[in-house]
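The chain contents come next:
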Amino acid sequence: MSLVGRLGPSQALASLVELLAGELSGEELVWSDNRRVLVDIGDGHARRLMTDGTGARLVYWPRVWAARSMAYLDDTDAVGPLVNGVSDEHWRVRMTCVQSLGRLGAEGLTSELVHGLDDDHWRVREATVVALGRIGDSDALWRLSLLLDKEPENRKVEAAISHIDRRSAT
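Rules of the game
- Counting from 1, residues in each chain are numbered in the order their sequence is written.
- Residues qualify for local features only when their pLDDT is at least 70, as the model is predicted, and side-chain atom pairs are given and counted only at 80 or more; totals for whole chains, interfaces and linings, by contrast, use all residues.
- To obtain the side-chain values, all non-hydrogen atoms of the structure were included, while hydrogens and water were left out.
- Definition of nonpolar core: a set of buried residues of the types Ala, Val, Leu, Ile, Met, Phe, Trp, Tyr and Cys, connected through side-chain atoms within 4.5 Å.
- In this scheme, a residue with accessible area under 20% of its type's maximum is buried, one over 50% is exposed, and one in between is partly exposed, where area comes from a 1.4 Å probe on protein chains only.
- Here a helix means four or more residues in a row that DSSP labels H or I, a strand means two or more in a row labelled E, and each is numbered from the N terminus.
- By the convention used here, residues are in contact when the closest approach between their heavy atoms is within 4.5 Å.
- Distance and chemistry together define a polar contact, namely a pair of N or O atoms within 3.5 Å, with one atom able to donate a hydrogen and the other to accept it when in protein, and with adjacent residues in sequence counting only for side-chain atoms on both sides.
- To define axes, lines are fitted to C-alpha atoms, for helices over the stretch in contact only, and angles between the resulting N-to-C directions are given on a 0 to 180 degree scale.
- The scheme is simple: roughly parallel for angles under 35 degrees, roughly antiparallel for over 145, roughly perpendicular for 65 to 115, oblique for anything else.
- Crossings are sorted by hand: turned counterclockwise from the far helix by less than a right angle, the near helix makes the crossing left-handed, and turned clockwise it makes it right-handed.
- In this classification, Asp, Glu, Lys and Arg are treated as charged, Ala, Val, Leu, Ile, Met, Phe, Trp, Tyr, Cys and Pro as nonpolar, and every other residue, Gly included, as polar.
- Patches in this entry comprise residues that are over 30% relatively accessible and not in a salt bridge; like charges within 9 Å are linked, as are nonpolar side chains (Val, Leu, Ile, Met, Phe, Trp, Tyr) within 5 Å.
- Here the Shrake-Rupley method, with its probe set to 1.4 Å, supplies the accessible areas, and only the displayed protein chains count as covering residues.
- Note on definitions: salt bridges are taken to be side-chain nitrogens of Lys or Arg within 4 Å of carboxyl oxygens of Asp or Glu.
- The charge count includes Lys and Arg as positive and Asp and Glu as negative, but it does not include His or the ends of the chains.
- Charge positions are represented by NZ for Lys, CZ for Arg, CG for Asp and CD for Glu.

Caption draft 1: Representation of the nonpolar core within the structure. Grouped together as the largest cluster of nonpolar side chains are 54 residues, with contacts concentrated most on Leu82 and Leu144. Broken down by element, this core gets its largest block of residues, seven residues, from helix 7 (residues 91–104). Residues in contact with Leu82, not counting those within four places in the same chain, are Leu20, Ala67, Met70, Cys97, Ser100, Leu101 and Leu104.

Written as structure tokens, this is what we have:
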């Protein structure tokens, strides 16, 4: 990630945490050092969204890009901010935080993640199933089993349960 190469791991994480928190205005994003961070993590999409100079078109995207980028830092300090992001107002941010926690293999978070199985948006629910399967915590089995009872042909739920079972057997 070019952001880490440019800023170093700890400053890169600090910048991503600040973006994920969503406390910066559009203009603060576009007309500050954050602009370069957004270009690093949002690539061409960030450039297109920043063309008006106000940052009004950015809305939730910086939070999404920050959450996605945190998964690739492989830093356990990203877990707390990602858990906070699971309750973001925008479904895409919630989904990306859940996905990143799954990619990080953040164990011990089943109680925080299972709430995503009841999310209003199907993509968040699906990402939660996959993340729980990746993390492999047997505490998630009962919730996934309940979901499978409701949706017996849900391949993602079946795969998550299978992964947890295999991991528990070793």
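Caption draft 2: Spotlight on the environment of Ile161. Assignment of secondary structure puts Ile161 in helix 11 (residues 155–169). Those residues in contact with Ile161 that sit more than four places away from it in its chain are Leu141, Leu144, Ser145 and Leu148.

Caption draft 3: View of the side chain of Asp40. With respect to the secondary-structure elements, Asp40 resides in helix 4 (residues 34–49). A relative accessible area of 18% places Asp40 in the buried class. Here the side chain of Asp40 touches Arg6 through a polar contact of 2.7 Å, side chain to side chain. When near neighbours in sequence (up to four residues on either side) are disregarded, Asp40 contacts Ser2, Leu3 and Arg6.

Caption draft 4: Representation of the packing of helix 9 (residues 122–135) against helix 11. Where helix 9 meets helix 11, the axes come as close as 7 Å, and the angle between the chain directions of the two elements is 15°. Relative to helix 11, the element helix 9 lies roughly parallel. Every pair of crossing elements has a handedness; the one defined by helix 9 and helix 11 is left-handed. For the pair helix 9 and helix 11, the contacting residues are Glu126, Val129, Val130, Leu132, Gly133, Arg134 and Ile135 in the first and Lys156, Val157, Ala160, His163, Ile164 and Arg167 in the second. The residue makeup of the contact of helix 9 with helix 11, split by class, is seven nonpolar, two polar and four charged.

Caption draft 5: Quick peek at a negative patch on the surface. A contiguous patch of negative charge, built from Glu18, Glu23, Glu27 and Glu28, is present on the exposed surface. By the secondary structure assignment, Glu23 is in the loop between helix 2 (9–21) and helix 3 (26–30). Overall, Glu23 belongs to the exposed group, its relative accessible area being 68%.

Caption draft 6: Structural detail: the environment of Leu20. Mapping Leu20 onto the fold places it in helix 2. Since its relative accessible area comes to 5%, Leu20 is described here as buried. When the C-alpha atoms of Leu20 and Arg57 are compared, they prove to be 16 Å apart, with 37 residues separating the residues in sequence. Once residues lying within four places of it in the same chain are set aside, the contact partners of Leu20 are Arg63, Ala66, Ala67, Met70, Pro81, Leu82, Val93 and Cys97.

Caption draft 7: Representation of the packing of helix 2 against helix 4 within the structure. With their axes 11 Å apart at the nearest point, helix 2 and helix 4 run at an angle of 90° to one another. Taken together, helix 2 and helix 4 sit at an angle that is classed as roughly perpendicular. Along the contact surface, helix 2 presents Ser15, Leu16, Glu18 and Leu19, while helix 4 presents Asn34, Val37, Leu38 and Ile41. Across the contact of helix 2 with helix 4, the residue classes tally to five nonpolar, two polar and one charged.

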